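# Fold and contact review
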Amino acid sequence: MNVRPPGSASADSGGPGPGENRWRYPAPAELAGPVKVGRFDPGTDSTAVRACHEIYLSGLPADDPLGPPMSLRAFAGWLALGWTEDPLETWLARDDSGEPFGWYALSLPQRETRQLAPLSLVVHAARRRMGRGTALLWHAAARAGWEPQLTRIITRNGAGTTT
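Residues numbered from 1 in each chain as written. Predicted model: local features only at pLDDT ≥ 70, side-chain atom pairs only at ≥ 80, totals over all residues. Heavy atoms only, no water.

### Quick word on the overall build of the protein
On a plain count of helices and strands, the protein comes out with three helices and six strands. Reading the protein from its N terminus to its C terminus gives the helix and strand order β-α-α-β-β-β-α-β-β. For the protein, with 163 residues in total, the buried portion stands at 31%. In the protein, the proportion of contacts linking residues at least 24 apart, taken out of those at least 6 apart, comes to 50%. Carbon and sulfur atoms make up 56% of the accessible area of the protein, which totals about 10,700 Å². (Helix = DSSP H or I, 4+ residues; strand = E, 2+ residues; numbered from the N terminus. Buried < 20%, exposed > 50% of the residue type's maximum accessible area, 1.4 Å probe, protein only. Contact = heavy atoms within 4.5 Å. Areas by Shrake-Rupley, 256 points an atom, 1.4 Å probe, with all protein chains shown as cover.)

As structure tokens, then:
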């Protein structure tokens, strides 16, 4: 049996041999600089809330094209109080120039389904597909790991709930 390294051309055809393929996934995108993620209080930091709302609005056409946009007032209330009265941690991500590009809100249930941590995570539409959402997800997972009862983070996308 003639063994060739993957992707090497076969001697007779000049192309890939059986079971070989020249197609490759593109190299993963590198983050465009350092990511700074900081927690903020939506009840007192209106500048951060406004930045989160603008990021939310930027992605709305792709994330929820049929839904009405949340007003700034409703959005600020949700970030400050959540929907279920469970503690909500809000984090804003900035690039190395200080420009906000994403945020997440992690709910820490106190009464029911305490093992699940609902997560809302949004990256500005113009800054997506660069690994920034993944970086925020890892940050949220690390933060949730400090809570001993949590075993899963759940998030909602346009197709439904995923865990």
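### Side note on the nonpolar core
The biggest cluster of nonpolar side chains holds 15 residues, and the ones touching the most others in it are F40, C52, F75, L79, L92 and W103. The element that contributes the greatest number of residues to this core is helix α1 (residues 46-63), accounting for six residues. Setting aside chain neighbours within four positions, we find C52 in contact with F40, F75, L79, L92 and W103. Formed by twelve residues, the second largest nonpolar core is a distinct cluster that contains Y104, L108, A117 and V123. (Core = buried A, V, L, I, M, F, W, Y, C linked by side-chain atoms within 4.5 Å.)

### Some words on the pattern of salt bridges
For the coordinates displayed, the defined rule picks out three salt bridges. Its salt-bridge partner being E89, residue R39 comes within 3.6 Å of it at the nearest N-O pair. With a gap of 50 residues between them, R39 in strand β1 (residues 36-40) and E89 in strand β2 (residues 88-94) connect regions that are remote in the sequence. Among the ionic pairs, D63 bridges to R128, the shortest N-O distance being 2.8 Å. One end of the pair, D63, is in helix α1; the other, R128, is in the loop between β4 (116-123) and α3 (132-144), and 65 residues separate them in sequence. (Salt bridge = Lys/Arg side-chain N within 4 Å of Asp/Glu carboxyl O.)

### Some words on α3
With 13 residues, α3 should cover 18 Å at 1.5 Å per step; its first-to-last C-alpha distance of 18 Å lies within 8% of that length. Buried within α3 are the following residues: R132, L136, A140, R143 and A144. Along the axis of α3, the buried positions cluster into a sector of 110°, meaning they face one direction only. (Expected span 1.5 Å × (residues − 1). Arc of directions from axis to C-beta.)

### Here's the deal with the environment of P61
The topology assignment puts P61 in helix α1. The class of P61 is exposed, set by a relative accessible area of 58%.

### Thoughts on the environment of S46
Along the chain, S46 turns up in helix α1. Sequence separation of S46 and A76 is 30 residues, and the distance between their C-alpha atoms is 8.2 Å.

### Things to note about helix α2 (residues 72-81)
Among the residues of α2, F75, W78 and L79 are the ones counted as buried. Projected onto a plane normal to the axis of α2, the buried residues spread over an arc of 95° and lie on a single side. Seen from the open side of α2, the exposed residues pointing more than 90 degrees away from its buried face are R73 and L81. Once α2 finishes, G82 follows within two positions and takes phi at roughly 75°, a positive value.

### Side note on the packing of α1 against α2
Interhelical geometry of α1 versus α2 gives an angle of 115° and a closest axis separation of 10 Å. Relative to α2, the element α1 lies roughly perpendicular. For the pair α1 and α2, the crossing hand works out as right-handed. Here α1 contributes V49, R50, C52, H53 and Y56 to the contact with α2, which in turn contributes L72, F75, A76 and L79. By residue class, the composition of the contact of α1 with α2 is seven nonpolar, one polar and one charged. (Axes fitted to C-alpha atoms, helices over the stretch in contact; angles between N-to-C directions. Parallel < 35°, antiparallel > 145°, perpendicular 65-115°, else oblique. Left-handed = near helix turned anticlockwise from the far one by under 90°. Nonpolar A, V, L, I, M, F, W, Y, C, P; charged D, E, K, R; others polar.)

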